[in-house]
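For reference, the chains in residue letters:
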Amino acid sequence: MSTTPVTPPLRCALILAGGRSRRMGMDKYALTVQGQTLLERAVAFWTACGMDRIYVSLHPGLSVSLPESVTPIFDVVSDCGPLGGLISAFRTTDAPLLWVSAVDMPVLLPDAVLDAPAGDAAVYRTGTSPQPLFGVYRRSILPTLETMHLQGDFRMMELLRRVDTRWVDAPKRLEPMFQNWNTPEDLLRGLAGTSPMLSVSAWSGTGKTTFLESLIPALKRRGRTVAAIKHSHHPAQPESPNKDTARLQAAGADQVRLWTEDLTPEHLRETLTPTDLILVEGCKFGPLPKLALHRCSCPDYFPEEPTVLAHITDHPLPVSRPQFSWTDADRCADLICTLFPNAKPCER
């Protein structure tokens, strides 16, 4: 006697990108990291995870270019935050389950994807902090969502309290996933990592080492330990005492390294003893937060604005980020120390 094969339930992902991004000052989905927007990164992540369908929750009227395989879902209830995105997705699709991520989670790790819960939801927590914007939600939560909407209660924690939620304690290696980018400063801190790594970027000949020779002592006067990295496209070779690495050491850097193309920021951190800040000379097209250096005598260099902490320039620039003159290393150091007031040293 033949039996009809059982069709497994669809695996559907929902990217929550419907926030108004008021504090960021621009739509977060369009922020770029390593040549991809945050939305493109999230789509690529869920595609690689083998999802049958990928939905993107957007606020009405937003025009976004999406791959054919991705379906936009425009909010049917407005100004309700992530809860509104879930309501809209379950109302307008037949998805039995939704694997959810927020678009402003720049670090998504494949081994973090949770199994379908036996109950209504499965959600991570880091310590005692819930992480409701990366989890799995079953269609069975829709009546609760509708009730909360009618009550004017849009709190995700209240949703998880009312439904059958399985809490999963996140291992330490997954904690970087749960950083959110709500402001330009959050973005810069997220890109910098721990220990914070910043690049001093410009075209060759602009004077990167010269500026670092002023910036490093300014940071040291503020009690920071500093590692200085020379980024080079050429294989590492011993340098003579007048070369850049020797000048960085003479400026007071606690550690100096030569970084070639085969060394990632993560691997570089592993080579360092604990330090408060890591300054990279070069790496102008990388994803690190940047001090962008300009001189009238050199070609214009305007990296994408969201990655720039400040511009060091000898002429006014039509940009929104802070601008300092070449003699303003102290003010630049103040800005860095304000952005990273409690910089944690790298762990070995």
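Here we summarise the structure given alongside this text.

Conventions and cut-offs
- Residues numbered from 1 in each chain as written.
- Predicted model: local features only at pLDDT ≥ 70, side-chain atom pairs only at ≥ 80, totals over all residues.
- Heavy atoms only, no water.
- Buried < 20%, exposed > 50% of the residue type's maximum accessible area, 1.4 Å probe, protein only.
- Helix = DSSP H or I, 4+ residues; strand = E, 2+ residues; numbered from the N terminus.
- Pairing = 2+ DSSP bridges.
- Core = buried A, V, L, I, M, F, W, Y, C linked by side-chain atoms within 4.5 Å.
- Contact = heavy atoms within 4.5 Å.
- Salt bridge = Lys/Arg side-chain N within 4 Å of Asp/Glu carboxyl O.
- Axes fitted to C-alpha atoms, helices over the stretch in contact; angles between N-to-C directions.

## Considering the pairing of strand β7 (residues 121–126)
Move 1: Taken across its six residues, β7 has five buried, putting it largely inside the fold.
Move 2: Across six bridges, β7 lies against strand β8 (residues 129–138) in antiparallel orientation. Following the sheet pairing, Thr126 is matched in β8 by Ser129.
Move 3: Hairpin geometry of β7 and β8 is characterised by an intervening segment of two residues between the two adjacent antiparallel strands and by a positive phi of about 65° at Gly127.
Move 4: The sheet contact formed by β7 and strand β9 (residues 165–169) spans five bridges and is parallel. If you follow Val123 over to β9, its bridge partner there is Trp167.

## Focus: the nonpolar core
Move 1: Counting residues in hydrophobic clusters, the biggest one holds 71 residues, and the most contacted among them are Trp46, Phe134, Phe211, Leu215, Leu291 and Ile336.
Move 2: In this view, Trp46 contacts Ala13, Ile15, Met51, Ile54, Trp99, Val100, Ser101, Val113 and Phe134; residues no more than four positions away in its chain are not counted.
Move 3: One finds Cys12, Leu16, Tyr55 and Leu83 within the second-largest nonpolar core, a separate group that totals 26 residues.

## Description of helix α5 (residues 184–192)
Move 1: When α5 is considered as a whole, its buried residues turn out to be Leu187, Leu188, Gly190, Leu191 and Ala192.
Move 2: Gly193 sits one or two positions beyond α5 and adopts a positive phi of about 75°.

## What to know about the pattern of salt bridges
Move 1: Taken as a whole and judged by the stated rule, the model has 19 salt bridges.
Move 2: Put simply, Glu158 and Arg161 hold a salt bridge, and the shortest N to O gap is 2.6 Å. Residue Glu158 and its partner Arg161 are both found in helix α4 (residues 156–162); the two are separated by three residues, about one turn of the helix.
Move 3: By relative accessible area, Arg161 is classed as exposed at 59%.
Move 4: Residue Glu281 pairs with Lys230 through a salt bridge whose shortest N-O separation is 3.0 Å. Of this pair, Glu281 sits in strand β13 (residues 277–281) while Lys230 sits in strand β11 (residues 226–231), and the two are 51 residues apart along the sequence. The two residues Glu281 and Lys230 agree in class, both being buried.

## Thoughts on the sheet that holds β9
Move 1: The mixed open sheet is built from seven strands, whose spatial order is β5-β4-β1-β6-β8-β7-β9. Whereas interior strands pair on both sides, the edge strands pair on one side only; in this sheet they are β5 (70–74) and β9. Between one strand axis and the next, the sheet turns through 30° on average, direction left out of account.
Move 2: Against the sheet, helix α2 (residues 81–92) engages β1 (12–16), β4 (53–58), β5, β6 (97–102) and β8, with an angle of about 145° to β1.

## Topic: the environment of Ala48
Move 1: Locating Ala48 in the fold gives a position in helix α1 (residues 38–48).
Move 2: What makes Ala48 exposed here is its relative accessible area of 69%.
Move 3: Each C-alpha atom, one on Ala48 and one on Pro110, is 8.2 Å from the other, the two residues being 62 residues apart in sequence.

## Re the sheet that holds strand β14 (residues 290–293)
Move 1: Taken in spatial order, the seven strands line up as β12-β11-β13-β10-β14-β15-β16 in an open sheet, and their pairing is parallel. Edge positions in the sheet fall to β12 (255–259) and β16 (323–324), since each of these pairs with one other strand and no more.
Move 2: With two bridges joining them, strand β15 (residues 308–312) and β16 adopt parallel strand pairing. What sits directly across from His311, in β16, is Gln323.
Move 3: Against the sheet, helix α9 (residues 329–339) touches β10 (197–201), β13, β14, β15 and β16, its axis set at about 175° to β15.

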